[in-house]
Structures are given as structure tokens and as C-alpha cells.
Amino acid sequence: MGIVTPFPAGAGRQPLQVGFERAELARILDLYGRMVAAGHWRDYAIDLGREAAVFACFRRTAERPEFRIEKRPALRQRQGMWALVGEAGQVVKRGHELGPVLAPVERRLMKLVEE
């Protein structure tokens, strides 16, 4: 009766997997659906790892992703945990909130719809 067993995922430990919250994934999938409707994107992939969660958007299935939306909680106190990474691996936008990070893709969508 006197033995206390610690819970395995105690404070200070990193989670086994980083994931998207429901609201974050809804916002990303909304943008993805609008880009599909505009005929620009055709496929996506989600990678949930130990250090980051990545949503990759493809023009075609066999290519490199045009954009990757990365969530890295370890960078929360520094540059911001959200990053928009381009096809060549360059960081297009980084920030603390998802909305401003997705802004360059939103602007591109507006240009696609206007044409």
C-alpha cells in the first residue's frame, strides 16, 4: 500500500509524438481543400514525428512537396513553432501562430482564383 509508482509520462519528458490539434488541422485542411478546388494541389502527406509534425502539399504525387507546414514545439520560445517551408527547403515564413504563417499560400490562392 505504501509504494507509489510514478506515471510513465511524467513532467519534463518529451512526448513520443508531436501532432496537430483539431483546430490547427482543420485550418490546414481548409486551405488544402481550397487549393485542390483551384486545381493546384493534388495530394498531401502527414508525418508525425518525435520532434515535429509536418503537413506536406504536393502538386503531383511523384514530386517533392511544394510546401511543408511544420510544427516544432521545441522552437516555441525562440522563433515560433510554426514554419512554412518551400520546395527547395527554404523557410518561407516562421511564426508563433498558424494564421500568419499560412498567409503566403493564402495570397497565392487569391492570385489563382483571380486568373
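Described in the following lines is the structure provided in the data block. It should be emphasised that the depicted structure is a prediction, and the values quoted were computed from it without experimental measurement. (Residues numbered from 1 in each chain as written. Predicted model: local features only at pLDDT ≥ 70, side-chain atom pairs only at ≥ 80, totals over all residues. Heavy atoms only, no water.)

### Things to note about the overall build of the chain
So the rule is basically this: Secondary structure follows DSSP: runs of H or I at least 4 residues long count as helices, runs of E at least 2 residues long count as strands, and numbering of each begins at the N terminus. Under the scheme applied here, a residue whose accessible area is under 20% of the maximum for its type counts as buried, over 50% as exposed, and between as partly exposed, the area being computed with a 1.4 Å probe on protein chains only. Between two residues, a contact is recorded if the distance between any of their heavy atoms is within 4.5 Å. Using the Shrake-Rupley algorithm and a 1.4 Å probe, accessible areas are obtained, with residue cover drawn only from the displayed protein chains.
Counting its secondary structure elements, the chain contains 2 helices and 5 strands. In the chain, the succession of helices and strands from N to C terminus is α-β-β-β-β-β-α. A total of 115 residues make up the chain; the buried ones form 34% of that total. Sequence-distant contacts in the chain: of pairs separated by 6 or more residues, those separated by 24 or more amount to 35%. In the form shown here, the chain has an accessible surface area of approximately 7,900 Å², with 52% of it arising from carbon and sulfur atoms.

### Section: the pairing of strand 5 (residues 91-95)
Using the following cut-off: Paired strands, in this sense, are two strands between which DSSP finds at least two bridges.
Bridge analysis of strand 4 (residues 82-85) against strand 5 gives 4 bridges, and the strand direction is antiparallel. The residue of strand 5 that forms the bridge with Leu84 is Lys93. The hairpin turn running from strand 4 into strand 5, its antiparallel successor, is 5 residues long, and Gly89 in that turn takes a positive phi close to 100 degrees.

All quantities given are derived from atomic positions and should not be read as evidence of function.
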